[in-house]
Amino acid sequence: MFPWNKQFPFDQKGFTQHINKMNPKEVENYIQSVMKNVFGEDFTQGFPFQGELTQNENRGNTSKKTMPEIFETNDFVYVKLPVSEDNVGRIKIQHTNHQLIVHNYPNQSDQNKYLLPSPVKRKGAKARFIEGCLEIQLIRLHDHSISEIDISY
């Protein structure tokens, strides 16, 4: 068993007093910053039920971030970014299984990360410029690894 008493040396009363002294706004800001570091700046897109604090922060944000149109079909995940023809050449696109990373968009030296709605394959992605939009096509990953866990009793 894990030695919980050594990890948290204070008793129940001390823990309750410690929690009561915490400022909820500070805790929420810390959690939001951790979520942004882990999932990227637009993590609210993947977590739609965020709460009042995140909605207020998004309304008060003066630097408007260009949000792409992201949707999926049975076989693909599509990302459409509005881009001028002059800027298409400077954009660099990378992706992981769960995230799209776009460099030099919307401005030079910017980097934006977008959470994808489902896992995608590493190979086979395509990007093309059509009618003022950069359309990125990623192949959905259907082969999910399933592991069985034995229950001991």
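As the structure is a prediction and not an experimental result, all values here were calculated from the model.

*Asks:* Explain the overall build of the chain to me, and be specific about the residues and the numbers.
*Replies:* Along its length, the chain carries 4 helices and 7 strands. Listed N to C, the secondary structure of the chain is α-α-α-α-β-β-β-β-β-β-β in terms of helices and strands. When contacts within the chain are restricted to residue pairs at least 6 apart in sequence, long-range pairs at least 24 apart make up 45% of them. With the model as given, the accessible surface of the chain reaches about 11900 Å², and the carbon-plus-sulfur share is 52%.

*Asks:* Account for the environment of I101, with residues named and values stated.
*Replies:* For I101, the position within the fold is in strand β4 (residues 99–103). Residue I101 is classed as buried on the basis of its relative accessible area of 11%. Each C-alpha atom, one on I101 and one on N112, is 5.8 Å from the other, the two residues being 11 residues apart in sequence. With near-sequence residues (within four places) excluded, I101 lies in contact with K92, I93, Q94, Q111, N112 and K113.

*Asks:* Tell me about the sheet that holds strand β5 (residues 111–115), and please be specific about residues and values.
*Replies:* Spatial ordering of the open sheet is given by β3-β4-β5, a layout of 3 strands whose pairing is antiparallel. Two strands close off the open sheet at either side, each with one partner strand: β3 (92–95) and β5. Ignoring which end each strand starts from, the neighbouring axes of this sheet average 20° apart. Where β3 meets β4, 4 bridges bridge the pair, whose relative direction is antiparallel. Paired with H95 across the two strands is L100, which belongs to β4.

*Asks:* Can you tell me about unusual backbone geometry, naming the residues and giving the values?
*Replies:* Geometrically, the link from Y105 to P106 is a cis peptide bond, its omega value of -5° lying close to zero. Along the polypeptide, P106 turns up in the loop between β4 and β5. Although it is not a glycine, S109 sits at a positive phi angle of roughly 70°. One can find S109 in the loop between β4 and β5. Residues other than glycine seldom take positive phi values, yet E131 does so here, at roughly 50°. Structurally, the position occupied by E131 is in the loop between β6 (126–130) and β7 (133–139). Judged by its relative accessible area of 78%, E131 is exposed.

*Asks:* Quick one: what's the story with the sheet that holds strand β2 (residues 76–82), residue by residue and with numbers?
*Replies:* Read from one edge of the open sheet, 4 strands run β1-β2-β7-β6, paired in antiparallel fashion. Of all the strands in the sheet, the pair left with one neighbour each is β1 (69–72) and β6. Adjacent strand axes in the sheet meet at a mean angle of 20°, parallel and antiparallel pairs treated alike. Sheet topology places β1 next to β2; 4 bridges connect them, and they run antiparallel. The residue bridging I70 from the neighbouring strand is V79, located in β2.

Thresholds applied
- Residues numbered from 1 in each chain as written.
- Predicted model: local features only at pLDDT ≥ 70, side-chain atom pairs only at ≥ 80, totals over all residues.
- Heavy atoms only, no water.
- Helix = DSSP H or I, 4+ residues; strand = E, 2+ residues; numbered from the N terminus.
- Contact = heavy atoms within 4.5 Å.
- Areas by Shrake-Rupley, 256 points an atom, 1.4 Å probe, with all protein chains shown as cover.
- Buried < 20%, exposed > 50% of the residue type's maximum accessible area, 1.4 Å probe, protein only.
- Pairing = 2+ DSSP bridges.
- Axes fitted to C-alpha atoms, helices over the stretch in contact; angles between N-to-C directions.

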